[in-house]
Amino acid sequence: MTTTRRKTSTTTGRGAATSRNHTPAGSGARATAQVAGAESVDPAELPVRQGEEPWTAAEVAEVHAELNSELVRLREEIEAAEAALTGLMRDSNDGAGDDQVDAGTKNINRESELALANNARDMLDQTERALARLEGVGFGDCESCGQAVGKARLQAFPRATLCVSCKAKQERR
């Protein structure tokens, strides 16, 4: 059984990916931000697959809190990676006299930090988008076929945007 959610958010485009109730990392209001906004979601409007129990308010609040804590963690991870990159870039300039192995090691470290930072940024974008969908429109709907993604799948991976069969098709390509 699939239910349709009505739009509750008036924001559109890329700016909509940020939670309207999220407080930036480093602020003292983290604990209240993790549950704020979950009340605006009507669990009865979230789609479920046939045979699954409907969402409860506690389950929605748990997913909301998990997404918010993930936002905080990823922002801190990005800040740490950027600080490490700054140090690596600064150290790469004083490589006079380094042999090829030292220069290669510095390059590998720099590339590794860049890859980690980019991965964290991608996950942050996915998490912000999932939170915006949860608070707005589309959470639980497959972006490919429009069917329900599945409650169990979303509880395990709240950033999921495709149902299992559409994800399997995508991975086969």
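Just above, that's the structure.
Attention in this report is confined to the structure presented alongside it. (Residues numbered from 1 in each chain as written. Predicted model: local features only at pLDDT ≥ 70, side-chain atom pairs only at ≥ 80, totals over all residues. Heavy atoms only, no water.)

### Structural notes on the overall build of the protein chain
So the rule is basically this: For helices the rule is a DSSP run of H or I covering at least 4 residues; for strands it is a run of E covering at least 2, with both sets numbered from the N terminus onward. Two residues form a contact once any of their heavy atoms are found within 4.5 Å. Computed with a 1.4 Å probe, the accessible areas rest on the Shrake-Rupley method; for each residue, only the protein chains presented here act as cover.
Of regular secondary structure, the protein chain possesses five helices and zero strands. Seen in sequence order, the protein chain has helices and strands lined up from the N terminus as α-α-α-α-α. Contacts in the protein chain between residues far apart in sequence, at least 24 positions, make up 68% of those at least 6 positions apart. With an accessible surface of roughly 10,100 Å², the protein chain has 52% of that area assigned to carbon and sulfur atoms.

### What to know about the nonpolar core
Spelled out, the test is: We call a set of buried residues a nonpolar core when its members are Ala, Val, Leu, Ile, Met, Phe, Trp, Tyr or Cys and they connect through side-chain atoms within 4.5 Å of each other. For each residue, the accessible area found with a 1.4 Å probe, counting protein chains only, is set against the maximum for its type, and the residue is called buried under 20%, exposed over 50%, and partly exposed in between.
Membership of the largest hydrophobic core comes to 23 residues, with the highest contact counts inside it found for Leu-46, Trp-55, Leu-134 and Phe-139. Within the residue set of this core, elements represented by two or more residues are helix H2 (57–92) and helix H3 (100–135). Counting residues per element, this core draws most heavily on H2, at six residues.

### Side note on H3
Which entries qualify depends on this criterion: Expected span of a helix, by definition, is 1.5 Å for each gap between consecutive residues, and there is one gap fewer than residues.
Across its 36 residues, H3 extends 52 Å between first and last C-alpha, which sits within 8% of the 52 Å expected from 1.5 Å per residue. Listed in full, the buried residues belonging to H3 are Arg-110, Ala-117, Ala-120, Leu-124, Thr-127, Glu-128, Ala-130, Leu-131, Ala-132, Arg-133, Leu-134 and Glu-135.

### Quick notes on the pattern of salt bridges
What counts is decided by this rule: Salt bridges, as used here, are contacts in which a Lys or Arg side-chain nitrogen is within 4 Å of a carboxyl oxygen on Asp or Glu.
In total, this model carries eight salt bridges according to the counting rule given. The salt bridge partner of Arg-73 is Glu-77, with a shortest N-O separation of 2.7 Å. Of this pair, Arg-73 and Glu-77 both sit in helix H2, separated by four residues, roughly a single helical turn. Note on Arg-73: relative accessible area 36%, which makes it partly exposed. According to the relative accessible area criterion, Glu-77 is partly exposed, its value standing at 32%. For Glu-143, the salt bridge goes to Arg-133, with nearest N and O atoms at 3.0 Å. Of the two residues, Glu-143 sits in the loop between H3 and helix H4 (151–156) while Arg-133 sits in helix H3, which places them 10 residues apart along the sequence. On the accessibility criterion, Glu-143 (41% relative accessible area) is partly exposed. A relative accessible area of 10% means that Arg-133 is categorised as buried. The network of salt bridges with common partners includes Glu-70, Arg-73, Glu-77 and Arg-159.

The values reported here are purely geometric and, on their own, carry no functional implication.
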